[in-house]
Amino acid sequence: VSWICFSLSFITMVMGFVYVILYGQQHHQKALHLSFKCDFAEADCNAQWRTLFTLRPDILLDLWLPVLMGLLGISLHVSSLRFCALFESLLPNGYVGYGMHMI
């Protein structure tokens, strides 16, 4: 059962990355370029990047939650992927929590 959960977490993370890439290609017809030639308070500087890398809850959860949940699921099995103490607090402690994470 554990290897099934690991593979499903890996597939979830890969699908999340694929979705982010497809979202970026679909909503930005030209390539995403990060500009460093902006003034300090210039309006709409790097607007394309702000639509992909944003903290707006609707975009953040829609784009990045599958990647985060897949990474959390993989880090249950691969302890070197636990980047910070926040990961330790988000990981389930028993089989019930493990099952809830997979649902």
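Preceding block: the structure.
Presented here is an overview of the structure given in this document. (Residues numbered from 1 in each chain as written. Predicted model: local features only at pLDDT ≥ 70, side-chain atom pairs only at ≥ 80, totals over all residues. Heavy atoms only, no water.)

Observations concerning the overall build of the protein
Phase 1 of the analysis: Along its length, the protein carries 5 helices and 0 strands.
Phase 2 of the analysis: Taken from the N to the C terminus, the helices and strands of the protein come in the order α-α-α-α-α.
Phase 3 of the analysis: Contacts in the protein between residues far apart in sequence, at least 24 positions, make up 48% of those at least 6 positions apart.
Phase 4 of the analysis: Entry remark: accessible area of the protein is about 7600 Å², with carbon and sulfur atoms responsible for 69%. (Helix = DSSP H or I, 4+ residues; strand = E, 2+ residues; numbered from the N terminus. Contact = heavy atoms within 4.5 Å. Areas by Shrake-Rupley, 256 points an atom, 1.4 Å probe, with all protein chains shown as cover.)

Details of the environment of Met 102
Phase 1 of the analysis: Its place among the elements puts Met 102 in helix α5 (residues 95–102).
Phase 2 of the analysis: When the C-alpha positions of Met 102 and Ser 9 are compared, they lie 8.0 Å apart, and in sequence the two are 93 residues distant.
Phase 3 of the analysis: In this structure Met 102 touches Cys 5, Leu 8 and Ser 9, once residues within four positions along its chain are discounted.

Looking at the pattern of salt bridges
Phase 1 of the analysis: The full count for this structure, using the stated rule, is 1 salt bridge.
Phase 2 of the analysis: Across the pair Arg 56 and Asp 58 runs a salt bridge whose closest N-O atoms are separated by 3.4 Å.
Phase 3 of the analysis: For Asp 58, a relative accessible area of 48% corresponds to the partly exposed category. (Salt bridge = Lys/Arg side-chain N within 4 Å of Asp/Glu carboxyl O. Buried < 20%, exposed > 50% of the residue type's maximum accessible area, 1.4 Å probe, protein only.)

Digging into helix α3 (residues 57–75)
Phase 1 of the analysis: In α3, a bend of some 50° at Trp 64 exceeds every other bend along the element, and Pro 66, a proline, comes one to four places later.
Phase 2 of the analysis: Listing the buried residues of α3 in full gives Ile 59, Leu 63, Val 67, Gly 70, Leu 71, Leu 72, Gly 73, Ile 74 and Ser 75. (Bend = angle between axes of the 7 residues up to and from the residue.)

Things to note about the packing of aromatic side chains
Phase 1 of the analysis: All chains considered together, the criterion is met by 1 aromatic pair.
Phase 2 of the analysis: Geometrically, the ring pair formed by Tyr 19 and Tyr 23 is tilted, given 6.4 Å between the ring centres and 40° between the ring planes. Here Tyr 23 and Tyr 19 lie together in helix α1 (residues 2–27), a separation of 4 residues that amounts to about one turn. (Phe/Tyr/Trp six-rings, centres within 6.5 Å; stacked < 30°, edge-to-face > 60°.)

Focus on the environment of Asp 62
Phase 1 of the analysis: By the element assignment, Asp 62 lies in helix α3.
Phase 2 of the analysis: In sequence terms Asp 62 and Tyr 19 are 43 residues apart; their C-alpha atoms lie 9.6 Å from each other.

Purely geometric stuff here, so don't read any function into it on its own.
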